[in-house]
Amino acid sequence: MTILNTAKRALQFFRIGLAAKKLQRTQNETERLLAKQALAGLFADARGITMKVGQLFAGNDGTTPFQELVEGIEPLPLKIIIPLLETGLGQKTKSVFRSIDKAIAAASLGQVHLAELKNGDKVAVKIRYPDISAAVDAELRLVGLMPGVGPVNRWGFDLDAYKKSLRDNMHRELDYRSEAQRQDYFGRTVQVPGLKVPGVYRDLCSERVLVQSRAEGVLIDKAGDWSEQDRLAIGQTLMMTLFKSLFVAGEVHGDPHPGNVFYSHDENGQPLVTLLDYGCTVSIAEPRRMALLKLIVGCRERNPTKPLDCFAALGFDSKKLTPISGSLPALCQILFRPFLLNHAFSPEQWQLGKEVNDLLGDYRWWFRSAGPSDLFLLMRAFQGLIQQLQQLDVRLPWWMILQQAVGPKLIREAMAYELPAIEHEPTVMTLSFDQQATLLCVRVTEGGEQRVSVKMPAEAVLDLEHLIPEDVLSRIISSGTIDLKQLGESIRANGIIPQQLFVFEDGRKTYKVWLE
């Protein structure tokens, strides 16, 4: 039976792969919609891990038919669910519930029913699908067979660690007792104005059943039509929740797809965010939390903090980071840009992928492969926040909200936190933030008189070739005295540090470019 289950899941994977390829090749909009519908249907039929991948599409796509994976697929009928519920409860439903309705939502591992307890409490009951555990085990066996190809193989990703992280997380998601415990902890420790975490009825929860207080509201596509004041309040609640859960509670909600958040108004008319589904969370130990906060503040203040030490404390492989250690301060300036501003940040102006590529080139894969296996869940939480802010069409001051979420005492503790010592070669350049150049300077003189003097952010040096006028650039290249490509590689390897980059004599004009 195990072999048969694995074969069935493999066939579903194969069909989904074919449908995804067809979607990529399709240009006609009508055909693309039909291809999306077919792909969404395959995801929905598969449930389990496969459906979770489909929900990631919904998080990025925001439109039907992938949205159907967020709002729910066709649930199983009550006649099938009631025996499962009674087995999970260890008693008859009539002894616990006054009523139980048809399912309101069907998700990847289970489905949700509205019900009323004997004492009159309105609740939501999540029931695990029959045989879903065997289906997930079959999928995990398939994941274990994945080869290391492309960037995964070339840049040395620890694929086994990623597989183990996925396996551990999925097994934890299948146990609703674990989810109830984490949901209860999250509700007690993440206290944020405007946030509601449904309470759990621990005495009614089991491996296959989770009973929680009923939540109501609309999804983000409807909340996007609310007033600007309400949307700003929602955005602030979402951001405060992520920051407080990460840095204070150490337990981050790792599944931010739109179906897990309800939006409503409380009895006073204030916006209310209800966060659902705590099956997928990522635990961040205190030393890692302190290292990340120290890294963000150090980057913002350009103080003597060394990024390499912080990344190592976060779980990165320090030996893999040493070839790009000189670029780490500049990389942090890109990664943490929302925290570096004193005003509201606009994600639309953040070309993260391009800027990281401009800085590291192919070595961006080296950086990613050095990261711990649970980092993708944390990144997913941040990506989910950015997508939500974009859908709400709001801009918020990240640094100010971070300060509110964690408080000045925790920031001081992070700055005083002593990072574990790491071993590295004496020749490796471990730059601190205060050693990085702040300005790229250009001066043009003619006949000994200054004609042009320009100063810009030091990071602009990564785009130096595009900053130089085309006619001057062509003369620099034809002179053969300055290798701009080699200069760029040197900066990437050794960091954006104060130095003279080049002096170019062009007739009566002299071009001097340096970092300070």
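One can find the structure itself at the top, above this paragraph.
Residues numbered from 1 in each chain as written. Predicted model: local features only at pLDDT ≥ 70, side-chain atom pairs only at ≥ 80, totals over all residues. Heavy atoms only, no water.

Draft legend 1. Highlighting the sheet that holds strand S2 (residues 110-117). Pairing is antiparallel in the open sheet, where four strands are placed in the order S1-S2-S3-S5. The two strands at the open ends of the sheet, each matched to only one other strand, are strand S1 (97-106) and strand S5 (209-213). Neighbouring strand axes in the sheet, compared pairwise and without regard to direction, differ in orientation by 25° on average. One ladder, built from seven bridges, connects S2 with strand S3 (residues 122-128); its direction is antiparallel. Its bridge partner being in S3, His 113 is matched across the sheet by Val 125. (Pairing = 2+ DSSP bridges. Helix = DSSP H or I, 4+ residues; strand = E, 2+ residues; numbered from the N terminus. Axes fitted to C-alpha atoms, helices over the stretch in contact; angles between N-to-C directions.)

Draft legend 2. Highlighting helix H22 (residues 470-479). Regarding H22, the residues found buried are Val 472, Leu 473 and Ile 476. Along H22, the residues classed as buried sweep out an arc of 100° about the axis, all on the same side. H22 presents Glu 470 and Ser 478 as exposed residues on the side facing more than 90 degrees away from its buried surface. On its buried side, H22 packs onto helix H21 (464-467), helix H23 (484-494), strand S12 (499-506) and strand S13 (509-515). (Buried < 20%, exposed > 50% of the residue type's maximum accessible area, 1.4 Å probe, protein only. Arc of directions from axis to C-beta. Contact = heavy atoms within 4.5 Å.)

Draft legend 3. Region of the structure containing the packing of helix H11 (residues 228-249) against helix H19 (residues 375-392). Look at H11 against H19: their axes get within 10 Å of each other, and the N-to-C directions meet at 170°. Between H11 and H19, the crossing angle belongs to the class labelled roughly antiparallel. Facing Arg 231, Ile 234, Gly 235, Leu 238, Met 239, Leu 242, Phe 243 and Leu 246 of H11, the residues of H19 in contact are Leu 378, Ala 381, Phe 382, Leu 385, Gln 388, Leu 389 and Leu 392. Of the residues in the contact of H11 with H19, the class split is twelve nonpolar, two polar and one charged. (Parallel < 35°, antiparallel > 145°, perpendicular 65-115°, else oblique. Nonpolar A, V, L, I, M, F, W, Y, C, P; charged D, E, K, R; others polar.)

Draft legend 4. Structural context of unusual backbone geometry. You will see that Arg 302, though not glycine, has its phi angle at about 50°, which is positive. Note on Arg 302: relative accessible area 25%, which makes it partly exposed. In this model, Asp 393 sits at a positive phi of 60°, which is unusual for a non-glycine residue.

Draft legend 5. Molecular detail of the pairing of S12. Summarising the sheet, S12 and S13 pair through seven bridges and their orientation is antiparallel. The partner of Phe 504 across the bridge, within S13, is Tyr 511.

Draft legend 6. Up close: the sheet that holds strand S11 (residues 449-457). What the four strands build is an open sheet, ordered S11-S10-S13-S12; its pairing is antiparallel. The open sheet is flanked by S11 and S12, the only strands paired with a single partner. Across the sheet, the axes of successive neighbouring strands diverge by a mean angle of 10°, strand direction being ignored. Pairing of strand S10 (residues 439-446) with S13, which is carried by seven bridges, proceeds in the antiparallel orientation. Each residue of the ladder has a partner; that of Glu 446, found in S13, is Lys 509.

Draft legend 7. Here's a closer look at the packing of aromatic side chains. Summed over the entire model, instances satisfying the criterion amount to ten aromatic pairs. Ring centres of Phe 243 and Phe 339 lie 5.6 Å apart, and the angle between their planes is 45°; on these two criteria the pair is classed as tilted. In this pair, Phe 243 is assigned in helix H11 and Phe 339 in helix H16 (residues 337-340), connecting sequence segments 96 residues apart. Owing to a relative accessible area of 0%, Phe 243 belongs among the buried residues under this scheme. For Phe 339, a relative accessible area of 3% gives the class buried. A cation over an aromatic ring shows up here: Lys 126 above the ring of Tyr 176, its NZ or CZ 5.2 Å from the ring centre. (Phe/Tyr/Trp six-rings, centres within 6.5 Å; stacked < 30°, edge-to-face > 60°. Lys NZ or Arg CZ within 6 Å of the ring centre and 35° of its normal.)

Draft legend 8. Representation of the nonpolar core within the structure. If you look at the biggest cluster of nonpolar residues, it comprises 101 residues, and the most contacted ones within it are Phe 243, Trp 398 and Phe 502. Ignoring sequence-local partners within four residues, the contact set of Trp 398 consists of Met 239, Phe 243, Pro 338, Phe 339, Phe 345, Phe 382, Leu 385, Ile 386 and Leu 389. By size, the runner-up hydrophobic cluster in this structure holds 15 residues, among which are Leu 85, Val 125, Leu 204 and Val 209. (Core = buried A, V, L, I, M, F, W, Y, C linked by side-chain atoms within 4.5 Å.)

Draft legend 9. Region of the structure containing the environment of Gln 91. By secondary structure assignment, the location of Gln 91 is in the loop between helix H5 (78-89) and S1. Given a relative accessible area of 34%, Gln 91 falls into the partly exposed group. Those residues within four positions of Gln 91 in sequence are excluded, and the remaining contacts are Glu 86 and Val 96.

Draft legend 10. Structural context of the environment of Ser 283. Assignment of secondary structure puts Ser 283 in strand S9 (residues 281-283). Residues Ser 283 and Gly 250, spaced 33 residues apart in sequence, show a C-alpha to C-alpha distance of 5.6 Å. When residues no more than four places from it in sequence are discounted, the contact partners of Ser 283 are Arg 172, Gly 250, Glu 251, Arg 288 and Asp 374. Within the structure, Ser 283 has its side chain in polar contact with the side chain of Glu 251 (distance 2.7 Å). (Polar contact = N/O pair within 3.5 Å; in protein donor to acceptor, adjacent residues only side chain to side chain.)

Draft legend 11. Spatial organisation of the packing of H11 against helix H20 (residues 398-416). Where H11 contacts H20, the two axes come as close as 9 Å, and the packing angle between them is 35°. In the crossing of H11 with H20, the sense of the turn from one axis to the other is right-handed. Here Gln 236, Met 239, Met 240, Phe 243, Lys 244, Phe 247 and Val 248 of H11 lie close against H20, whose contacting residues are Trp 398, Ile 401, Leu 402, Gln 404, Ala 405, Val 406 and Leu 410. Looking at the contact of H11 with H20 residue by residue, the class counts come to eleven nonpolar, two polar and one charged. (Left-handed = near helix turned anticlockwise from the far one by under 90°.)

Draft legend 12. Region of the structure containing the pattern of salt bridges. Evaluated as defined, the whole model comprises 23 salt bridges. Its salt-bridge partner being Asp 374, residue Arg 288 comes within 2.9 Å of it at the nearest N-O pair. Taken together, the positions of Arg 288 in helix H12 (residues 286-301) and Asp 374 in the loop between helix H18 (363-370) and H19 put the pair 86 residues apart, joining distant regions of the chain. What makes Arg 288 buried here is its relative accessible area of 19%. What emerges from the salt-bridge pattern is a single network uniting Arg 98, Glu 116 and Lys 122. (Salt bridge = Lys/Arg side-chain N within 4 Å of Asp/Glu carboxyl O.)

Draft legend 13. Summary view of the side chain of Asn 303. With respect to the helices and strands, the residue Asn 303 is situated in the loop between H12 and helix H13 (307-313). What makes Asn 303 buried here is its relative accessible area of 12%. One polar contact links Asn 303 to Thr 305, side chain to side chain, over a distance of 2.7 Å. Excluding its chain neighbours within four sequence positions, the residues that come into contact with Asn 303 are Val 297, Gly 298, Met 415, Ser 432, Phe 433 and Asp 434.

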